[in-house]
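# Understanding the architecture of this molecule
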Amino acid sequence: MTLRRIFLAPAALVTIALFLVPMAIVLAYSLMTRGPYGGQGMPWTLENYQRFFDPLYGEILLRSFWIAGETTILCLVLGFPLAWFLSRSGKRRDLYLQLVMLPFWTSFLVRTYAWVFLLRDTGLFNTILLSLDLITEPIPLLYNHGAVLLGLVYCSLPLAILPIYSTLERLDYALVEAAADLGAKPFETFRKIVIPVSAPGLRAAAFLTFVPSLGTYLTSDLLGGGSTILIGNLVQNQFTTARDWPFGAAASLILMAIVLIGLVVVTRNNEDIL
Amino acid sequence: MRPTALGLYATAIYAFLHLPLLVLAVFSFNSSRLTHWESFSLIWYKTALGDPALMEATFNSLVIAAFATVLSTSIGTLAAYGLWKKKARWLTASLSVSLVTPEIVTAVSLLALFQILFRVLRLQLGMHTVVLAHVSFCLVYVVMVVLARLRTMDVSFEEAAADLGATPWQAFCYVTLPMLKPGIIAAALLAFTTSLDDYVITSLVAGVDSETLPMIIYGMARRGVNPAVNAISTIIVFGLGILIVISQRLEQQK
């Protein structure tokens, strides 16, 4: 046995025991029938997947797609100019880059909680608006679609900026100048040079914002309350309160399938992500 | 830099990213329970630090993070070394997929596994299950950071060691490992902070005796107004922030 094999063995064991086997169990559960008191058993069935054709659950799936799509577009649109700024920021670049990443590395939970603090009825925004007499009673800013979207954009934005920046950094600015010298309008240069060059970064950014937003649980729970049930909340709910594990397992696997499709699309031309 | 539209835009984005946390930190020093600023006070820090449930949860979180960090860092470093010169397709693929798996899916799959195991082993959910879960999601981060460090390194040092008669084990111990040290510390800090912050997976695999800090914060945040949460959050953000800055310095160190 070589040293390399010995070194890989513990990680292989952890990956098999704590990732592949659990996923296989979820796959098996998703094909089983729910027992009368919770739990799961025979016969094998596809019914758990068919339930997503029910408008009630189909709507949750569509809503998750919709809000993840909105988050992605907002992050790309908001993130691109900042990535451009970073790539052209000269000496202070490292500092500016760290300022983007710092909130990303601090607690996800605390960052979401910060918005609860700002948006709730007795929160900072309402308090300020009330004291300025702009409103007479608190406006409901929290527990709606917009609040969840805001929380998702807030948490994902650094993840969108970074890959776009890393492709823009490699953009040869002489190309942009040459295009301008040859009479291209700024928009034309942007469309024909900047976008194609940064396409891999944009694709990675889209993946890194879409996937976590699609599977979010914490953001929609804290900022959406009961008003914005997404697929992540559905999974959590089926495994806890509703005790319908087979259905929750099916929902998990649908989520996984979408994530894997995304992964294949993103890594198509590139190397492994590790 | 002269103020341009782009500069203003960047300022606005930085404000958006940083102001919510700054405001939260400022109001943790407010003497009032309400969002009106009254006067500077450390009362919420006293309240938070005097809360036995909160302190116990903090202790649990630190113990779990310590175990998860030591385990995932050692296993992950060895694995990264194993993947450095030659790929292992299925392991790389599995780790990549685990990296992008939504947390809630990881959480329920581990819950399902533990439930089956406990039927056989007569154990219960507790600190040990949380540690196992954390090792499983920290592992890929460690592999990623250490592998990135390895890729910047020159293989010829090890080859020179081998030429001089070192066994592969000696070459690893005395040549590569010392050079990897900053990368390993950075990976460990990343694992530690990720473990300390996790709520979604922890909440599903924790037992009654293993409530963690994020679980308490989450519960308080859902119940609503409590400036003690602001105080705890501020401590966490500053604590994690310092750890992260150290880790980034180490990663860039040549």
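Up top is the structure these notes are about.
Here the structure is a predicted model, which is why all the values come from computation and not from measurement. (Residues numbered from 1 in each chain as written. Chains lettered and ligands numbered in written order. Predicted model: local features only at pLDDT ≥ 70, side-chain atom pairs only at ≥ 80, totals over all residues. Heavy atoms only, no water.)

### Some thoughts on the packing of aromatic side chains
Rule in force here: The aromatic pairing rule takes the rings of Phe, Tyr and Trp, using the six-membered ring of Trp, and pairs them if the centres are within 6.5 Å, calling planes under 30 degrees apart stacked, those over 60 edge-to-face and the rest tilted. The secondary structure listing takes helices from DSSP runs of H or I that are at least 4 residues long and strands from runs of E that are at least 2 residues long, numbered from the N terminus. Relative accessibility thresholds used throughout: buried, under 20% of the residue-type maximum; exposed, over 50%; partly exposed, between the two (1.4 Å probe, protein chains only). Our definition puts a charge over a ring when NZ of Lys or CZ of Arg is within 6 Å of the ring centre and also within 35 degrees of the ring normal.
Scanning the model with the defined rule gives 22 aromatic pairs over all chains in all. An angle of 65 degrees between the planes, with centres 4.7 Å apart, marks the rings of tyrosine 57 of chain A and phenylalanine 247 of chain A as edge-to-face. Of this pair, tyrosine 57 of chain A sits in helix H3 (residues 55-87) while phenylalanine 247 of chain A sits in helix H12 (residues 245-267), and the two are 190 residues apart along the sequence. For tyrosine 57 of chain A, a relative accessible area of 14% gives the class buried. Since its relative accessible area comes to 0%, phenylalanine 247 of chain A is described here as buried. Ring-pair connections join several aromatic residues into one group, and the members of that group are Phe7 of chain A together with Tyr81, Trp84, Trp169 and Phe172 of chain B. The ring of phenylalanine 247 of chain A carries the charged tip of arginine 51 of chain A above its face, separated from the ring centre by 3.9 Å.

### Considerations on the interface of chain B and chain A
As a reminder, the rule being used: In this description, contact between two residues means that some pair of their heavy atoms is separated by no more than 4.5 Å. Accessible-area loss on putting two parts together, using a 1.4 Å probe and summing over both, is the definition of buried area adopted here. Whenever a carboxyl oxygen of Asp or Glu lies within 4 Å of a side-chain nitrogen of Lys or Arg, that contact is scored as a salt bridge. Polar contact criterion, stated in full: a pair of N or O atoms within 3.5 Å, where within protein one must be able to donate a hydrogen and the other to accept it, and residues adjacent in sequence count only if both atoms are side-chain atoms. Here the term charged refers only to Asp, Glu, Lys and Arg, the term nonpolar to Ala, Val, Leu, Ile, Met, Phe, Trp, Tyr, Cys and Pro, and the term polar to all other amino acids, Gly among them.
Each partner contributes residues to the interface: chain B has 86 residues there, and chain A has 81 residues. Here chain B and chain A share an interface that buries about 7500 Å² over both sides, 78% of which is from carbon and sulfur atoms. Here chain B is connected to chain A by one salt bridge. The partner of aspartate 221 of chain A in a salt bridge is arginine 222 of chain B, with the nearest N and O atoms 3.1 Å apart. Between chain B and chain A we count 10 residue pairs in polar contact (both at pLDDT 80 or more) in total. If one sorts the elements of the side of chain B that touches chain A by residue count, helix H1 (residues 5-27) of chain B sits on top with 14 residues. Counted by class, the side of chain B that touches chain A contains 58 nonpolar, 20 polar and eight charged residues.

### A look at the packing of helix H1 (residues 3-30) of chain A against helix H3 (residues 52-84) of chain B
Axes are the key here: two packed helices are described by the angle between their axes and the distance separating the axes. Stated formally: The convention used is that axes are lines fitted to C-alpha atoms, helices contributing only their stretch in contact, and that angles between N-to-C directions extend from 0 to 180 degrees. Roughly parallel here means an angle under 35 degrees, roughly antiparallel means over 145, roughly perpendicular means 65 to 115, and every remaining angle is called oblique. Crossings are sorted by hand: turned counterclockwise from the far helix by less than a right angle, the near helix makes the crossing left-handed, and turned clockwise it makes it right-handed.
Viewed as axis vectors pointing N to C, H1 of chain A and H3 of chain B meet at an angle of 125 degrees, and their least axial separation amounts to 8 Å. On the basis of their axis angle, the class for H1 of chain A and H3 of chain B is oblique. Our pair here, H1 of chain A against H3 of chain B, has a crossing hand that is left-handed. Contacts between H1 of chain A and H3 of chain B involve Arg4, Phe7, Leu8, Pro10, Ala11 and Val14 of chain A from the first element and Ile75, Leu78, Ala79, Tyr81, Gly82 and Leu83 of chain B from the second. For the contact of H1 of chain A with H3 of chain B, the residue count by class is 10 nonpolar, one polar and one charged.

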